[in-house]
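The chain contents come next:
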Amino acid sequence: MNRKTLLAAFAMALAATTAQAQTEIQWWHSMGGALGDKVNDLATKVNATQKDYKIVPVFKGSYPESMTAAIAAYRAGNAPHILQVFEVGTATMMAAKGAIVPVYKLMKDADEPFNPKDYLGPVAGYYTDSRGNMLSFPFNSSTAIFYWNKDAFKKAGLDPNKPPKTWKEFLADVDKLQASGQKCAYTTSWPSWVHIENFAAWHNIPIGTKENGLAGLDTQFKINDALHVRQVQMLSDLAKKGAFQYAGRTNQGGAKFSSGECAMLTESTGGQANVRRDAKFDWAVTEIPYWDDVQGAPQNAIIGGASLWVMGGKTNNAYKGVAKFFAFLSKPDIQMEWHTGTGYVPITYAAYELTKKSGFYDKNPGAEVAIKMLTKKPPTANSKGLRFGNFVQGREVIEEEMEGVFAGKKDAKTALDDAVRRGNEILRKFEAANK
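Residues numbered from 1 in each chain as written. Predicted model: local features only at pLDDT ≥ 70, side-chain atom pairs only at ≥ 80, totals over all residues. Heavy atoms only, no water.

Observations concerning the overall build of the protein
Alright, step 1. Counting its regular elements, the protein contains 20 helices and 10 strands.
Alright, step 2. The C-alpha atoms of the protein give a radius of gyration of 23 Å, which matches the 22 Å a tight globule of 435 residues would have.
Alright, step 3. In terms of principal-axis extent, the alpha carbons of the protein reach across some 90 × 50 × 35 Å.
Alright, step 4. For the protein, buried positions account for 54% of its 435 residues.
Alright, step 5. Pairs at least 24 residues apart make up 76% of the contacts formed inside the protein by residues separated by at least 6 positions.
Alright, step 6. Accessible surface, the protein: about 18800 Å² in total, of which carbon and sulfur atoms supply 52%.
Alright, step 7. Here the protein contributes 52 positive and 43 negative side-chain charges, whose respective centroids are spaced 4 Å apart. (Helix = DSSP H or I, 4+ residues; strand = E, 2+ residues; numbered from the N terminus. Rg over C-alpha atoms; globule rule 2.2 N^0.38 Å. Buried < 20%, exposed > 50% of the residue type's maximum accessible area, 1.4 Å probe, protein only. Contact = heavy atoms within 4.5 Å. Areas by Shrake-Rupley, 256 points an atom, 1.4 Å probe, with all protein chains shown as cover. Lys, Arg positive; Asp, Glu negative; His and termini not counted. Charge placed at Lys NZ, Arg CZ, Asp CG, Glu CD.)

So, in structure tokens, the structure goes:
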């Protein structure tokens, strides 16, 4: 063997040894398409900063699908190190005793910098227990915002730069839009998230006892109060005259707005990318309306999106790698890049300030609306989030009852009473299983 061959063989052996020494961190997520590309970019960036750990992102389908796969994998002894879980799965993950490692403990044990006060209040609050301990790591967070078609407003004789601030103003705009020939004045995506959950936080009223479930499993729904009934009945009345068109339980409302079919929309801030791509008219976004006869409104919005949970049963060395990754994700420049590239909000105050200084909001004013809504006032027991057991099913019950109202089969009070009764049955089953 000549000298060159010997050196090449030595280099290959050294590379193999280095690769073997590197600890792989499996990260299961539910972000497809362009968002999946952004996730892969994050992994590539953090992997380039050191050689001890390798973050390996793996797309596992929708949020429910990835949760189901992770639970099965945990039982089989081969769960991922990190699992992305949507916000309504928080209580289910908390109840999985031994299956998760709380993020505050992870960061402390790894001696990585971590201060919950560095994170946006409503974001941190959603994933924090009653003792102030953050249980999962905030990742992709959004909130509900209001979209309007400026061209349709002009045609209706409305000021295209003056969207409705209150629901009373909204109703007046609906009448003018319909009078101008706009058949569908308004639609919404995510009806329960917008008109039940965020609506409650925005008006500082509860949707459940025990701080919306954050303070205990023995919680009960309270969405059949007078204000929620008023809101759902308003939508029902608009549906009867064709002004409100129900689009479905997820983000289908966005397509009705982007096509010009409907002139106003409530949707996630994350929906802006699709509207920007598809709309052929002038449009803008602002805060969701509020009822101005409710004292203290608007309060603050709550988040949607997901957080990262650390699964149990891994080595201390692997956990150090996970902690370093979370510290990397918290860096202001990394957060700003994620925020500006995806539409999700930056999870830390430092990243928000850095984005401000960059001039991004001056060029893209809609990008700041969600952050202003989330941070409008310090969160209260009613507005810091929610944590209901099996809320995936609970939300489906709420949406099913709302659909009955929109279809004219039930009045709002009856439907919300039924939603509370059925939802509480789900909560009691979860409580009994997790005592």
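Here we look at the environment of K377
Alright, step 1. Take K377: it is sitting in the loop between α18 (366-374) and α19 (391-406).
Alright, step 2. The class of K377 is partly exposed, set by a relative accessible area of 30%.
Alright, step 3. The spacing of K377 and T23 is 354 residues in sequence and 43 Å in space, taken between C-alpha atoms.
Alright, step 4. Here K377 is in contact with G296, P298, Q299 and N300, once residues within four sequence places are set aside.
Alright, step 5. A polar side-chain atom of K377 sits 3.2 Å from the main-chain carbonyl oxygen of P298. (Polar contact = N/O pair within 3.5 Å; in protein donor to acceptor, adjacent residues only side chain to side chain.)

Here's the deal with the sheet that holds strand β7 (residues 184-188)
Alright, step 1. Taking strand neighbours across the sheet as the criterion, the four strands line up as β7-β8-β6-β9 in an open arrangement whose pairing is mixed. This sheet does not close on itself; its edge strands, each paired only once, are β7 and β9 (283-286). This sheet shows a mean twist of 20° between the axes of neighbouring strands, independent of strand direction.
Alright, step 2. Note that β7 and strand β8 (residues 262-268) share four bridges and pair parallel. Within β8, the position partnered with T188 by the bridge is T266.
Alright, step 3. Running at roughly 140° to β8, helix α8 (residues 167-179) makes contact with β6 (144-149), β7 and β8 of the sheet. (Pairing = 2+ DSSP bridges. Axes fitted to C-alpha atoms, helices over the stretch in contact; angles between N-to-C directions.)

Things to note about the state of the cysteines
The bond known as a disulfide is covalent and runs between the sulfur atoms of two cysteines.
Alright, step 1. Taken as a whole, this structure holds one disulfide when the rule is applied.
Alright, step 2. Between C184 and C262 runs a disulfide, and the two sulfur atoms are separated by 2.0 Å. On the sign convention where negative is left-handed, the bridge of C184 and C262, at about 95° about the S-S bond, is right-handed. Here the residue C184 occupies a position in strand β7, and C262 occupies one in strand β8, the gap between them amounting to 78 residues. (Disulfide = S-S within 2.5 Å.)

Thoughts on the nonpolar core
For soluble globular proteins, the rule of thumb is that nonpolar side chains tend to be buried together.
Alright, step 1. The biggest cluster of nonpolar side chains holds 131 residues, and the ones touching the most others in it are L106, M264 and F326.
Alright, step 2. It is helix α14 (residues 316-329) that contributes the most residues to this core, nine residues altogether.
Alright, step 3. Excluding residues that lie within four positions of it along the chain, L106 makes contacts with V101, V310, Y319, V322, A323 and F326. (Core = buried A, V, L, I, M, F, W, Y, C linked by side-chain atoms within 4.5 Å.)

Observations concerning the packing of aromatic side chains
Alright, step 1. Under the counting rule described, the total for this entry stands at 24 aromatic pairs.
Alright, step 2. Pairing F360 with Y361 gives two aromatic rings, centres 5.9 Å apart and planes at 70°, and the pair type is edge-to-face. For the pair F360 and Y361, a shared accessibility class is recorded, and that class is buried.
Alright, step 3. Ring-pair connections join several aromatic residues into one group, and the members of that group are W27, F114, Y119, F137, F139, F325, F326, W338 and Y344.
Alright, step 4. For the cation-ring pair, K60 lies above W28, with the distance from its terminal atom to the ring centre recorded as 4.2 Å.
Alright, step 5. It is R230 that lies over the ring of W291; its NZ or CZ is 4.5 Å from the centre. (Phe/Tyr/Trp six-rings, centres within 6.5 Å; stacked < 30°, edge-to-face > 60°. Lys NZ or Arg CZ within 6 Å of the ring centre and 35° of its normal.)

Thoughts on the side chain of S136
Alright, step 1. Positionally, S136 belongs in the loop between α6 (121-126) and β5 (137-142).
Alright, step 2. Residues within four places of S136 in sequence aside, it is in contact with V103, Y127, S307, L308 and W309.

Things to note about the pattern of salt bridges
Alright, step 1. Scanning all chains against the criterion turns up 23 salt bridges.
Alright, step 2. The shortest N-O distance in the salt bridge between E261 and K256 comes to 3.1 Å.
Alright, step 3. Under the relative-accessibility criterion, E261 is labelled partly exposed at 36%. (Salt bridge = Lys/Arg side-chain N within 4 Å of Asp/Glu carboxyl O.)

Regarding the confidence of the model for the protein
Alright, step 1. Scored by pLDDT, the protein has a mean of 91; 95% of the residues are at 70 or more.
Alright, step 2. Scored below 50 in pLDDT, residues 13-19 shows zero contacts in the model against residues more than four places distant or in partner chains. (pLDDT = per-residue confidence, 0-100.)

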